[in-house]
Amino acid sequence: MLPRLQDFYHKYRSAIIALTVTLLFMVANSLLVVHDKFYLFALPLFGLILLLFILKFETGLLSIALLTPWAVNYAIAPGMELSMPVEPMMILFTGMFFFRVLASRSYDTRILRHPVTILVLLSLVWWVITASTSRIPLVSFKYLLARLWFLIPFFFAGAQIFQNEKRIRQFFWCYAISLIAIILISTIKTLGNFSDLQTLHRVMKPFYNDHTAYGCVIALFTPAAFYFIFSRNSKGWSRILWIALFGVLMIGLFFSYCRAAWISVVAAIGVYFAIRMGMKIKWMVILAGLFVGVFFAYQSDVLYKLSKNKQDSSYDLSGQLQSISNISTDASNLERLNRWAAAMRIFKENPILGCGPGTYQFVYGSYQRSYQLSTISTNAGDLGNAHSEYIGPMTEQGIPGVLFVLAIFCTTFATGVRIYRTSPNKTIANMALAFTLCLLTYYIHGVFNNFLDTDKLSVPFWAFTAMIVALDIKNRELLSSTPKDQH
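Residues numbered from 1 in each chain as written. Predicted model: local features only at pLDDT ≥ 70, side-chain atom pairs only at ≥ 80, totals over all residues. Heavy atoms only, no water.

## Notes on the overall build of the protein chain
Looking only at helices and strands, one finds 21 helices and two strands in the protein chain. Burial statistics for the protein chain: of 487 residues in total, 48% are counted as buried. A sequence separation of at least 24 residues applies to 72% of the contacts in the protein chain between residues at least 6 apart. Only carbon and sulfur atoms are counted for the fraction: they give 69% of the accessible area of the protein chain, which is about 24,400 Å². (Helix = DSSP H or I, 4+ residues; strand = E, 2+ residues; numbered from the N terminus. Buried < 20%, exposed > 50% of the residue type's maximum accessible area, 1.4 Å probe, protein only. Contact = heavy atoms within 4.5 Å. Areas by Shrake-Rupley, 256 points an atom, 1.4 Å probe, with all protein chains shown as cover.)

Set out below in structure tokens:
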């Protein structure tokens, strides 16, 4: 009898093991469901995702990009939210990336030696230091961890994956396809609500928190979408698809009613013509510095003039444009100035180390002043960040924090322009310029808002930055293999 059972087991071992595991899973899951706990339902999906990352590592990254626009925040514990399903996937991908690097002991060290990467690594070191001295260390270290699972998959892994130009297009399309669907849904909801501006600012929920993040990501994708229309690889139906994508982005950008997004795209167009005319980067930086310097030198006169503007945000295009400079009655502008003023008061208390990464939103309430509050302010000061990609880091990580941000942005921009001007490969040159202009829209938008603490913007932002690094590495290979007299 026993030999027959052994023969039966060996013959059907796989089926028996599968059936046993299934029964155990069903029993355990049933016991947990009785107690209103449903997390075991995610176990099979977790297994499939893990298998995907093991067998198709690069496809795993693309799948995250495809799902990111659809992700929604879900509270997994009191005071802790994750963007589902993408943040758990990012965490798993990060672990798999480290496992692959350690197991194979191979990673392109040219990425680690690249100036942009060095600055990113130094900024992470400063993050750890300021998290250690933070007013709320637990919040700062949780914030740092969240940034790591944005950075590692899309910058450190991406910089290696995107050395294949095909992967750049695939990544762009994966995020863009989902973004197009959300734009179409939001536009349809917009068409019936032109008389209600507050509703227009919320039609993109729950996928994007508000119209500013929605407009920002559309602006971020616009320059590259325009480039791909005229790319040598875009022919026939491919070109028609790129034209359709660009058209949908333009519709979404217009109906986002996001003034900062409009400004960033117009500014990117101006910079594009400056680059094409051969203007040196140092002159661009000097002009930008002069603009900022003139503003601060004559800020009293400028603010007085702006205070005379009474045009609020409007669904009418001309009214919306006029409201950009309204710091008298426009609630959005007033609240932004209130946040900046509170941030500067926090900064003055500790200009070197700041109050700690991710802590501004928990401490700024007591730094508000009654005469600066807007109709959308709260006395508790619990409505989010400092509304600036520059003032926020300066407040939370001190002067070195904002210097690292500026250094990363400027170095990436300079690298992209250099590739465009030196590459013997026109495809690499034009692609580098396109994604540099994409990033430029965020650098400009970052004056008014900061979204790099969210997956919606961090995923494309760090991926596009990795693309510049990857294209630079490829361009250096080409330059080193090209005779000097052909440069």
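## Observations concerning the environment of Pro69
Turning to its location among the elements, Pro69 is positioned in the loop between α4 (57-67) and β1 (72-77). Take Pro69: its relative accessible area is 0%, and that puts it in the buried class. Along the primary structure Pro69 and Phe207 are separated by 138 residues, whereas in three dimensions their C-alpha atoms are 6.3 Å apart.

## Things to note about the packing of helix α8 (residues 137-161) against helix α21 (residues 455-481)
Between α8 and α21, the shortest axis-to-axis distance is 8 Å and the interhelical angle comes to 20°. Between α8 and α21, the angle is such that the two are roughly parallel. As α8 packs across α21, the resulting crossing turns out to be right-handed. Each of Phe150, Leu151, Phe154, Phe155, Gly158 and Ala159 in α8 lies in contact with α21, whose residues at this interface are Asp455, Ser458, Val459, Trp462, Ala463, Thr465, Ala466, Val469 and Ala470. In the contact of α8 with α21, the residues fall into 11 nonpolar, three polar and one charged. (Axes fitted to C-alpha atoms, helices over the stretch in contact; angles between N-to-C directions. Parallel < 35°, antiparallel > 145°, perpendicular 65-115°, else oblique. Left-handed = near helix turned anticlockwise from the far one by under 90°. Nonpolar A, V, L, I, M, F, W, Y, C, P; charged D, E, K, R; others polar.)

## So, unusual backbone geometry
With the exception of glycine, the majority of residues adopt a negative phi angle, and the majority of peptide bonds are in the trans configuration. Of the consecutive residues Met84 and Pro85, the connecting peptide bond is found in the cis state with omega at 5°. Take Pro85: it is sitting in the loop between β2 (80-84) and α5 (86-104). Of note, the amide linkage connecting Lys205 to Pro206 takes the cis form, showing an omega dihedral of 5°. For Pro206, the location among the structural elements is in the loop between α10 (197-200) and α11 (211-229). In the Ramachandran plot, Arg105 falls in the positive-phi region, its phi being about 50° despite a non-glycine side chain. Summarising the element assignment, Arg105 is placed in the loop between α5 and α6 (109-113). Located in the positive-phi region is Tyr257, a residue other than glycine, with phi close to 50°. Looking at where Tyr257 falls in the secondary structure, it is placed in the loop between α12 (237-255) and α13 (259-276).

## Let's talk about the packing of helix α20 (residues 426-445) against α21
Where α20 meets α21, the axes come as close as 10 Å, and the angle between the chain directions of the two elements is 150°. Our classification of the angle between α20 and α21 gives roughly antiparallel. When you trace α20 past α21, the crossing you get is left-handed. In contact with Ile428, Met431, Ala432, Phe435, Thr436, Cys438, Leu439, Tyr442 and Tyr443 of α20, α21 contributes Leu457, Phe461, Phe464, Thr465, Met467, Ile468, Leu471, Lys474 and Leu478. Classifying every residue of the contact of α20 with α21 by side-chain character gives 15 nonpolar, two polar and one charged.

## Concerning the nonpolar core
It is characteristic of soluble globular proteins that their nonpolar side chains tend to be buried jointly. In terms of nonpolar packing, the biggest core is built from 121 residues, with Phe162, Phe171, Phe172, Phe221, Phe435 and Phe464 touching the most fellow members. Residue contributions to this core peak at 14 residues, all from α20. Discounting chain neighbours no more than four positions away, the residues touching Phe464 are Phe171, Phe172, Leu220, Phe221, Phe435, Cys438 and Leu439. Core analysis: the next-biggest nonpolar cluster, separate from the first, contains 11 residues, Ala342, Ala343, Ile346 and Val363 among them. (Core = buried A, V, L, I, M, F, W, Y, C linked by side-chain atoms within 4.5 Å.)

## Some remarks on the pattern of salt bridges
Under the criterion given, the structure shown has eight salt bridges. Residues Asp472 and Arg476 are paired through a salt bridge, measuring 3.2 Å at the closest nitrogen-oxygen approach. Taken together, the residues span about one helical turn, with Asp472 and Arg476 both in helix α21 at a distance of four residues. On the basis of relative accessible area, Asp472 is assigned to the buried category, the value being 0%. (Salt bridge = Lys/Arg side-chain N within 4 Å of Asp/Glu carboxyl O.)

## Topic: α12
Over its 19 residues, α12 extends 27 Å from the first C-alpha to the last, a length consistent with the 27 Å expected when each residue adds 1.5 Å. Among the residues of α12, Trp242, Leu245, Phe246, Val248, Leu249, Gly252, Leu253 and Phe255 are the ones counted as buried. Where α12 is buried, its residues meet α9 (165-191), α11 and α13. Count one or two residues on from α12 and you reach Tyr257, which has phi positive near 50°. (Expected span 1.5 Å × (residues − 1).)

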